[in-house]
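Structural characterization, general
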Amino acid sequence: MKNIVTIVGARPQFIKAAPLGMALAKVENFRHRLIHTGQHFDANMSEIFFKELGIQAPEFNLGINGKTHGVLTGRILEALDEILPQLKADMVIIYGDTDSTLAGCLSAVKMHIPVAHVEAGLRSFNRKMPEEINRVLVDHASDILLCPSVEAMSNLEKEGIISKAHIVGDVMYDMCLMASQKAGNISTILEELELKQNNYSLATIHRAENTESKETLEAVISFLKEAARNKPIILPLHPRTRIAAERFGVSLAGLTTIDPVGYFDMIQLLQHANILYTDSGGLQKESFFLQIPCVTLRGETEWVETIKAGYNRLWQTPEFLPRQKIAPYGDGHAAAKIVEVIKHTL
Ligand code: UDP
């Protein structure tokens, strides 16, 4: 029996862990266990995804959140140093680019437990982003790098770490394909908000670069308010953005703010929207998968293929590129491919 331990802590990681959890559960000699760091803790940022997506209950919830990056990373690291040996982990799986990802990676590698990084090789080349530092450190320290795209592989090649990389596709594509078929039956969000296909736009904001100062938050909110003169904008409000708006006294009047929603509601909102405005990495891809145009509220993006395909543009770039039919993120079976890589390694 091999003990596989997944470490998650933030909303996008629950969504990425769901399809891989399903695939791991099918392997007879794998015992899959889950640690939740507690980084995201509100029911609508965490628990709802476990319930809706059938993710197994965490064996441990470390309840560590808030604070600075250093304190958060350090406290998770300290807690994991005790727990990972108890779980006799044969492999640790980490996702994306958060402080939970970095702490999970460091704790495991120093105990000589092999680490598999899902969504490896992504780069914004903006070292001011906390996520970018996490990505680079984690890719260099991990043992298995699971890349969603050719572009991600080529970033790792340039950094001299291609030998431990595998191209598997994007687990978010797996999840989005499953959810987009079911969302219409499960979600009632359009009726609740009295929305019809194409008569509204959707937005999310949560990145540090947009919420850290009054000026940047105000700039992005004014941009959305201007756009809302055409069609109402539904803005499920991330807790960080709500707190920042209150702290800086930035008014959100003119936008339809709602609490963060579950995954099926989000997919339902997205697939019927006329356009998406976002600084989210996951949502840029989901809008591409569902062929909804996206305006990215950032100065750069890691998901460059969505721009090339003509479905995404940076907010400071006036036009979308001509549409191109490309499928850069695999075939919707990334989780199964990851399981094969893990089986082979163990
Ligand atoms: N999401 C959701 N409800 C919301 C906002 C986002 O289910 O109210 C989902 C979204 O569909 C995507 C993921 O959360 O799958 C993206 O997470 P987030 O934007 O927090 O992080 P990022 O992708 O930027 O790392």
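In what follows, the structure referred to is the one given above.
An account of the accompanying structure is given in this report. Computed from a predicted structure; not experimentally measured. (Residues numbered from 1 in each chain as written. Predicted model: local features only at pLDDT ≥ 70, side-chain atom pairs only at ≥ 80, totals over all residues. Heavy atoms only, no water.)

**Considering the overall build of the protein chain**
Regarding its fold elements, the protein chain presents 15 helices and 13 strands. A compact globule built from 346 residues should have a C-alpha radius of gyration of about 20 Å, and the protein chain, at 19 Å, falls within 12% of that. Across its three principal directions, the C-alpha atoms of the protein chain cover 55 × 45 × 40 Å. Burial status across the protein chain gives 59% buried among its 346 residues. (Helix = DSSP H or I, 4+ residues; strand = E, 2+ residues; numbered from the N terminus. Rg over C-alpha atoms; globule rule 2.2 N^0.38 Å. Buried < 20%, exposed > 50% of the residue type's maximum accessible area, 1.4 Å probe, protein only.)

**Details of the site of the ligand**
In the vicinity of the ligand, 18 residues are found, and the nearest of them are Val261, Ser280, Gly281, Gly282 and Glu286. Between the ligand and Gly282, the relevant distance is 2.7 Å, taken from an oxygen atom to a main-chain nitrogen or oxygen of the residue. In this structure, an oxygen atom belonging to the ligand sits 2.6 Å away from a side-chain N or O atom of Glu286. When isolated, the ligand has an accessible area of 540 Å², and the protein chains bury 96% of it. Of all elements in the fold, only helix 1 (11-25), helix 12 (263-272) and helix 13 (281-289) reach the threshold of two or more residues within the shell around the ligand. A total of four residues in the shell around the ligand trace back to one element, the largest contributor, which is helix 13. Across the shell around the ligand, the residue classes break down as 10 nonpolar, five polar and three charged. (Near = heavy atom within 4 Å. Polar contact = N/O pair within 3.5 Å; in protein donor to acceptor, adjacent residues only side chain to side chain. Areas by Shrake-Rupley, 256 points an atom, 1.4 Å probe, with all protein chains shown as cover. Nonpolar A, V, L, I, M, F, W, Y, C, P; charged D, E, K, R; others polar.)

**Focus: the pairing of strand 8 (residues 201-204)**
Residues Ser201 and Ala203 of strand 8 are buried on one face, and the alternating residues Leu202 and Thr204, pointing to the opposite face, are buried as well. Here strand 8 runs beside strand 9 (residues 233-236); their pairing, made up of two bridges, is parallel. When the bridges of strand 9 are listed, Ser201 appears paired with Ile233. Direction of pairing for strand 8 relative to strand 11 (residues 276-278): parallel, over a ladder of three bridges. Paired with Leu202 across the bridge in strand 11 is Leu276. (Pairing = 2+ DSSP bridges.)

**Examining helix 10 (residues 214-227)**
Over its 14 residues, helix 10 extends 20 Å from the first C-alpha to the last, a length consistent with the 20 Å expected when each residue adds 1.5 Å. Buried within helix 10 we find Leu217, Val220, Ile221, Leu224 and Ala227. Seen from one end, helix 10 has its buried residues packed into an arc of 115°, which puts them on one side. Check the buried side of helix 10 and you find it contacts strand 8, helix 9 (208-211), strand 9, helix 11 (239-248) and strand 11. (Expected span 1.5 Å × (residues − 1). Arc of directions from axis to C-beta. Contact = heavy atoms within 4.5 Å.)

**A closer look at the packing of aromatic side chains**
Counted according to the given criterion, the structure contains 10 aromatic pairs. Between Phe223 and Tyr277, the aromatic rings sit 6.0 Å apart at their centres with planes inclined by 80°, giving edge-to-face as the arrangement. Of this pair, Phe223 sits in helix 10 while Tyr277 sits in strand 11, placing them 54 residues apart in sequence. Overall, the relative accessible area of 10% leaves Tyr277 in the buried class. Summarising the aromatic geometry, the rings of Phe288 and Tyr311 are spaced 6.1 Å apart at their centres and angled 70° between planes, so their arrangement reads as edge-to-face. Note that Phe288 is positioned in helix 13 and Tyr311 in the loop between helix 14 (304-308) and strand 13 (312-314), a separation of 23 residues in sequence. With respect to class, Phe288 is no different from Tyr311; both count as buried. (Phe/Tyr/Trp six-rings, centres within 6.5 Å; stacked < 30°, edge-to-face > 60°.)

**Re helix 4 (residues 99-110)**
Here helix 4 is 12 residues long and its end C-alpha atoms lie 17 Å apart, about the 16 Å a rise of 1.5 Å per residue gives. By the criterion of burial, helix 4 is predominantly enclosed, with nine of the 12 residues buried. Within helix 4 the residues assigned to the buried category are Asp99, Ser100, Thr101, Leu102, Ala103, Gly104, Cys105, Ser107 and Ala108. Along its buried surface, helix 4 packs onto strand 1 (2-8), helix 1, helix 3 (69-87), strand 4 (91-95), strand 5 (115-118) and helix 5 (130-141). Its side-chain oxygen 3.2 Å from the backbone nitrogen of Ser100, Thr98 forms the N-cap of helix 4. Two residues or fewer after helix 4 comes His112, characterised by a positive phi angle close to 60°.

**Notes on the sheet that holds strand 4**
Strand order across the open sheet formed by seven strands is 3-2-1-4-5-6-7, with parallel pairing between neighbours. Both edges of this open sheet fall to strand 3 (60-61) and strand 7 (165-167), since each of them pairs with a single strand only. Here strand 6 (residues 144-147) runs beside strand 7; their pairing, made up of three bridges, is parallel. Along strand 7, the bridge assignment pairs Leu146 with His166. The sheet contacts of helix 1 involve strand 1, strand 2 (30-36), strand 4 and strand 5, and relative to strand 4 the element is tilted by about 140°. (Axes fitted to C-alpha atoms, helices over the stretch in contact; angles between N-to-C directions.)

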